[in-house]
Amino acid sequence: MLTKHEQILQYIEKLEIGHKISVRQIARDLNVSDGTAYRAIKDAEAQGLVHTIERVGTVRVEKKQRSDIERLTYAEVVNIVDGTVLGGKAGLHKTLNRFVIGAMKLEAMMRYIEPGNLLIVGNRDNVHRIALENGAAVLITGGFDATDNVKKLANELELPVISSSYDSFTVASMINRAIYDRLIKKEILMVEDVLPKNHQPTYLHQNDTIARFHQFVRETAHSRYPVVDDHERVVGMVTAKDVMGYESNEPIERAMTKNPIMVTPKTSLASAAHEMVWEGIELLPVVNDHRKLIGVISRQDVIKSLQYMQKQPQIGETIQELSFRGFQEIDKAGQTMFRGRITPQMTDALGRLSTGVCTTLITETAMRMLRRQRRGDLAIQNFTLYFLKPIQIDTAVEIYPRILDLGRKQAKMDVEMLIDQHVVAKALVTAYTMER
């Protein structure tokens, strides 16, 4: 039996792409309260089923696959550039392939205008019309309006014409930044990335007997299963160790571990790995927002995926990578150290190295040192930082990492930051490894 919330989500998913919805309309069509409809629409937006645009409304859009995450819809562009939709609202759900800056003569510009493009241009009415006729949407910079003929054509072709008060350079930078941020997100693996599609997990009901568990072990060669109630909500986990000492006719409910750790498809793989290592878990149930079982992931699945991702070429750069970009690794008298300079971007309002960047530099140094000592994935467990002296802008610094203790699953490090042979910052770092 579906809840009202699930019924609304199912209804939204079946709507045509580009269909406009509202709280009142959903409440009226499905006979639910405005509050229930509002919460479901917000959930649909979080899932990527709809997109809300200021002064336009909420529109059903095509859900992006993670492989297409670097692409933007015209609706998203409107929000990014604080734009106003002048015409072609019916095409806001469409995805743009690339954007073209129209800072050239019309003849030269036409070589770059193709269907699915977004032309960024100023107050040039004839260019707006020709771009639409060639299948491209238009973004007018400088806050200018479009002619009535252009707006009419945009509505007929279902190609958006958007106006933004920013100049062309700023608009292009904002769109580039949005795409770049998405590329970084794309690199962060989620549980949904390793969850087999259309895979039905093997599970037990809480009223099943221990004999049923042993039957599953013989059939599947696995020894761990999630346990669900009558509504398929996860209520426990059961393993071969749990059922030891129980009679074959006793219910699983007596032997299972209640209130197990669970993850959702949007949980990061790093978080799932941390839970597995920290709690000594080999299998995690994957549930939806209503705790209904949709799959399982094993520790081996998680570690394999994280190791595979580390071998892939990087597309975007995180703050951590950008901060460490100017540092060089140097072997000084048999000791590894990293040397670099404090740039303006690393400082706080007083021109000193900010605490956050200092933490990032020391963390990256420690992790690079540890990766040489062993294979496997590493994560910071504890970090204690001491600022001994202020570190000024444009100062050359040296960072010395030193391993204090290296165990099978844990490592402790002492990291010092020096200026002219004087210690200015010091940290004690503890990291743990995630091994197969």
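Just so you know, the residues in each chain are numbered from 1, in the order the chain's sequence is written. Where local features are concerned, this predicted model is filtered to residues with pLDDT of at least 70; where side-chain atom pairs are given and counted, the filter is 80 or more; whole-chain, interface and lining totals use all residues. Side-chain metrics rest on all non-hydrogen atoms present in the structure, leaving aside hydrogens and water.

Novice: Any chance you could explain the sheet that holds strand S14 (residues 257–258) here in plain terms?
Specialist: As a general point, the strands of a sheet are linked pairwise by backbone hydrogen bonds and lie either parallel or antiparallel. Think of it this way: DSSP has to see at least two bridges between two strands before they count as a pair. Helix and strand definitions follow DSSP, with helices as H or I runs of at least four residues and strands as E runs of at least two, each counted in order from the N terminus. Spatially, the four strands line up as an open sheet ordered S11-S12-S13-S14, and their pairing is mixed. Every interior strand has two partners, whereas the edge strands, strand S11 (204–205) and S14, have only one. Pairing analysis gives two bridges linking strand S13 (residues 234–239) to S14, with the strands arranged antiparallel. Bridge assignment links Met237 to a residue of S14, and that residue is Thr257. Its contacts with the sheet put helix H10 (residues 210–220) on S11, strand S12 (224–228) and S13, and the angle it makes with S12 is roughly 135 degrees. We call two residues in contact whenever any of their non-hydrogen atoms come within 4.5 Å of each other. In this analysis, axes come from line fits to C-alpha atoms, helices being fitted only over the stretch in contact, and the angle between any two N-to-C directions falls in the range 0 to 180 degrees.

Novice: Mind showing me how you'd approach the nonpolar core here?
Specialist: Phe327, Leu353, Leu361, Ile362, Ile391, Val397 and Met417 are the most contacted members of the largest nonpolar core, which totals 28 residues. Among the elements of the structure, helix H15 (355–373), strand S20 (396–406), strand S21 (410–419) and strand S22 (422–434) are those that each provide at least two residues to this core. Element by element, the count of residues in this core is highest for H15, at eight residues. Nonpolar cores were defined as sets of buried Ala, Val, Leu, Ile, Met, Phe, Trp, Tyr and Cys residues, with membership established by side-chain atoms within 4.5 Å. Any residue under 20% of the maximum accessible area for its type is buried, any over 50% is exposed, and the rest in between are partly exposed; the area is computed with a 1.4 Å probe on protein chains only. The next biggest cluster of nonpolar side chains, apart from the first, holds 19 residues, and it includes Ile130, Ala131, Ala146 and Ala154.

Novice: What should I look at first to understand the sheet that holds strand S9 (residues 137–140) in this one?
Specialist: The sheet built from five strands is open, its strands ordered S5-S10-S9-S8-S7 with mixed pairing. Of all strands in the sheet, those with a lone pairing partner are strand S5 (84–87) and strand S7 (98–101), marking the two edges. This sheet shows a mean twist of 25 degrees between the axes of neighbouring strands, independent of strand direction. Strand direction decides the pairing type here: S9 and strand S10 (residues 161–163), joined by three bridges, are parallel. Residue pairing in the sheet places Ile140 in a bridge with Ser163 of S10. Of the strands in this sheet, S5 and S10 touch helix H7 (residues 148–157), which is tilted by about 90 degrees from S5.

Novice: How should I be thinking about the pattern of salt bridges in this particular structure?
Specialist: Should the charged atoms of two oppositely charged side chains come close, the side chains can pair. One speaks of a salt bridge when a side-chain nitrogen belonging to Lys or Arg is within 4 Å of a carboxyl oxygen belonging to Asp or Glu. The full count for this structure, using the stated rule, is 15 salt bridges. A salt bridge links Arg233 to Asp229; its shortest N-O distance comes to 3.5 Å. Here Arg368 ties to Glu364 by a salt bridge, and the two come within 2.9 Å at their closest N and O atoms. Pair noted here: Arg368 and Glu364 are both in helix H15, with a separation of four residues, about one helical turn. Using a relative accessible area of 35% as the deciding quantity, one classes Arg368 as partly exposed. Relative accessible area serves as the criterion here: at 11%, Glu364 is assigned to the buried category. Residues joined in a network through salt bridges with shared partners are Arg402, Asp414, Glu416 and Lys426.

Novice: What is the right way to look at the confidence of the model for the chain in this model?
Specialist: Predicted coordinates in areas of low pLDDT are best not read in detail. Across the chain, the average pLDDT comes to 83, with 89% of residues at or above 70. The low-confidence segment residues 311–316, where pLDDT is below 50, has 10 contacts with residues more than four positions distant or belonging to other chains. A residue's pLDDT is the predictor's confidence in that residue, given on a scale from 0 to 100.

Novice: What am I meant to see in the environment of Leu378 here?
Specialist: Mapped onto the elements, Leu378 comes out in strand S19 (residues 377–387). Classification of Leu378 as buried rests on a relative accessible area of 16%. With 11 residues separating them along the chain, Leu378 and Met367 place their C-alpha atoms 7.4 Å apart.

Novice: Would you explain the pairing of S13 in this entry?
Specialist: Remark: a regular strand shows side chains that alternate across the two faces of the sheet. S13 sits mainly inside the fold: five of its six residues count as buried. Of the pairings in the sheet, the one linking S12 to S13 comprises five bridges and is antiparallel in character. Its bridge partner being in S13, Pro226 is matched across the sheet by Met237. Counting the residues that bridge the hairpin from S12 to S13 gives five residues, and of these Glu232 lies at a positive phi of roughly 65 degrees.

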